[in-house]
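Each chain, letter by letter, is given below.
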Amino acid sequence: MTSTSTAKSTAVQEIEQAEAAWLAALVEGEKALIPLMLEDSRVVHGPVGMVDDRETWARFHVTRRRSVAAKATQLEITVRGNTAITTCFHEMSTVLDESLPPFPMQETVTKVWEETPEGWRLAHMVMGRRFPPV
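Residues numbered from 1 in each chain as written. Predicted model: local features only at pLDDT ≥ 70, side-chain atom pairs only at ≥ 80, totals over all residues. Heavy atoms only, no water.

**Focus: the overall build of the chain**
Looking only at helices and strands, the chain has three helices and six strands in total. Each helix and strand of the chain, placed in order from N terminus to C terminus, yields the pattern α-α-β-β-α-β-β-β-β. At 15 Å, the chain has a C-alpha radius of gyration in line with the 14 Å of a compact globule built from 134 residues. In terms of overall dimensions, the chain has C-alpha extents of about 50 × 35 × 25 Å along its principal axes. Restricting to contacts in the chain with at least 6 residues of sequence separation, those with at least 24 account for 52%. Within the structure as shown, the chain displays about 7,600 Å² of accessible surface, and the carbon and sulfur contribution to it stands at 55%. Positive and negative charge centroids in the chain, built from 14 and 18 side chains respectively, lie 4 Å apart. (Helix = DSSP H or I, 4+ residues; strand = E, 2+ residues; numbered from the N terminus. Rg over C-alpha atoms; globule rule 2.2 N^0.38 Å. Contact = heavy atoms within 4.5 Å. Areas by Shrake-Rupley, 256 points an atom, 1.4 Å probe, with all protein chains shown as cover. Lys, Arg positive; Asp, Glu negative; His and termini not counted. Charge placed at Lys NZ, Arg CZ, Asp CG, Glu CD.)

The following block contains the structure:
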């Protein structure tokens, strides 16, 4: 994440903050996730590449794979004007069944962020699940 201009450096810092807010919202739940997303945002996820709007995906995340911890590694940020593209690895402890302990889950995630008057908001996200190392 090398930056040559102050404006770009500021945008990168703002995107880092947006990514941190996203991780916190993954644990907080639906009401925290939706405000970080544009109204027309889409999420591509699951083993067959489901495409959901923000409300459907946020509800799915909370009811089908609730995260109790989340972190990101290897964050890469590209800023082009009022659009930013990030790629990282998400590592989450996820509750798939309330009667079982949280399951470790990893995903390679690409996000497209758009700058708005309210700050950076998620426009599009693609997640590819990985299995954690044994």
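**Some remarks on the environment of arginine 64**
Here arginine 64 lies in helix H3 (residues 54-64). Separated by 32 residues in the primary sequence, arginine 64 and leucine 96 have C-alpha atoms spaced 6.2 Å apart. Each residue touching arginine 64, except ones within four places of it in the same chain, is listed here: Val95 and Leu96.

**Here's the deal with the sheet that holds strand E2 (residues 50-53)**
Read across the sheet, six strands follow the order E2-E1-E6-E5-E4-E3 without closing on themselves; strand pairing throughout is mixed. A strand with exactly one partner marks an edge of an open sheet, and here the two such strands are E2 and strand E3 (66-80). Each neighbouring strand pair of the sheet contributes to a mean axis angle of 20 degrees, computed without reference to strand direction. Inspection of the sheet shows E3 paired to strand E4 (residues 83-95) by 12 bridges, in the antiparallel sense. Paired with valine 79 across the two strands is alanine 84, which belongs to E4. Across the sheet, H3 is in contact with strand E1 (37-45), E2, E3, E4 and strand E6 (119-130); its angle to E1 comes to roughly 55 degrees. (Pairing = 2+ DSSP bridges. Axes fitted to C-alpha atoms, helices over the stretch in contact; angles between N-to-C directions.)

**Considering the pattern of salt bridges**
The tally for this structure, following the rule as stated, stands at six salt bridges. A salt bridge links arginine 59 to glutamate 30; the shortest N-O distance between them is 3.7 Å. Highlighted residues: arginine 59 in helix H3 and glutamate 30 in helix H2 (residues 30-33), separated in sequence by 29 residues. Classification of arginine 59 as partly exposed rests on a relative accessible area of 42%. Residues arginine 66 and glutamate 98 are paired through a salt bridge, measuring 3.1 Å at the closest nitrogen-oxygen approach. Placement of arginine 66 in strand E3 and of glutamate 98 in the loop between E4 and strand E5 (103-116) is noted, with a sequence separation of 32 residues between them. Overall, arginine 66 belongs to the partly exposed group, its relative accessible area being 30%. (Salt bridge = Lys/Arg side-chain N within 4 Å of Asp/Glu carboxyl O. Buried < 20%, exposed > 50% of the residue type's maximum accessible area, 1.4 Å probe, protein only.)

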